[in-house]
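Notes for the structure review
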Amino acid sequence: MHAGIAGGLGALMVLTAALTLLPGPLPLPGAGVLMGVGLAATFPLFGVAIVRGFVVPKEEQWPAFRCLPGWVQLTLALLLGAGIAVNMVRGEEVRGQDAQIRDGRYQVFVTAQGKRGWADVGRDEYLRVRESDQRSALAIPGTLLAGAATLSLITGEARRA
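The structure displayed is predicted, hence computed values, not measured ones. (Residues numbered from 1 in each chain as written. Predicted model: local features only at pLDDT ≥ 70, side-chain atom pairs only at ≥ 80, totals over all residues. Heavy atoms only, no water.)

To continue, consider the overall build of the protein chain. Across its full length, the protein chain carries five helices and three strands. The helix and strand sequence of the protein chain, counted from the amino end, reads α-α-α-α-β-β-β-α. The contacts in the protein chain between residues at least 6 apart in sequence include a share of 70% that link residues at least 24 apart. Total accessible area computed for the protein chain in this model is approximately 9,400 Å², and 64% of it derives from carbon and sulfur atoms. (Helix = DSSP H or I, 4+ residues; strand = E, 2+ residues; numbered from the N terminus. Contact = heavy atoms within 4.5 Å. Areas by Shrake-Rupley, 256 points an atom, 1.4 Å probe, with all protein chains shown as cover.)

In the predicted model, the protein chain carries a mean pLDDT of 82, and the fraction of residues at 70 or more is 88%. No element of the protein chain has a lower mean pLDDT than strand 1 (residues 96-102), at 68, and none a higher one than helix 4 (residues 70-88), at 92. (pLDDT = per-residue confidence, 0-100.)

A few words now on the packing of helix 3 (residues 58-67) against helix 5 (residues 123-160). Following both chains from N to C, one finds helix 3 and helix 5 inclined at 95°, their axes separated by 8 Å at the closest point. Between helix 3 and helix 5, the interaxial angle falls into the category roughly perpendicular. In this structure, helix 3 contributes Q61, A64, F65 and C67 to the contact, and helix 5 contributes T150, L151, I154, E157 and A158. Of the residues that constitute the contact of helix 3 with helix 5, the class distribution is six nonpolar, two polar and one charged. (Axes fitted to C-alpha atoms, helices over the stretch in contact; angles between N-to-C directions. Parallel < 35°, antiparallel > 145°, perpendicular 65-115°, else oblique. Nonpolar A, V, L, I, M, F, W, Y, C, P; charged D, E, K, R; others polar.)

Our next topic: the packing of helix 1 (residues 2-19) against helix 5. Contact geometry for helix 1 and helix 5: axes closest at 7 Å, N-to-C directions at 150°. Taken together, the axis directions place helix 1 and helix 5 in an arrangement best described as roughly antiparallel. Helix 5 is crossed by helix 1, and the crossing has left-handed handedness. Taken together, the residues that form the contact of helix 1 with helix 5 break down as 15 nonpolar, seven polar and one charged. (Left-handed = near helix turned anticlockwise from the far one by under 90°.)

Structure below.
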């Protein structure tokens, strides 16, 4: 049960994060809702998976993973790999974070060395920073959920054997 929820939600989040690499704004209107649900689900699901993972000795985890059906192994490996790849891809270079619209002006928090603070930017820069923020907010919890699904299945397989 935990693995299915974590894997499904993780796959949805990693896929949505990958969509931010396409030009233009994120095509899904509910991306903010997905980020909130993903972050709220990550902590309990990942926590349960970690606690259950302590039950299985480390030397039994790899054989338990190998006992999973091949398509499950492949799916988990692809999901983890895609999550890591999306996390590593920077997209277009951005010069700030936390894009906001204040008083009708586009602003980002600049983190460059020696120049830290809010700066006015153009709409294009604002959109690039916003997409970068969305990518991180979706890909990191999505990858953690993929890891939680993997660990839950390993624990279940080891317990069954």
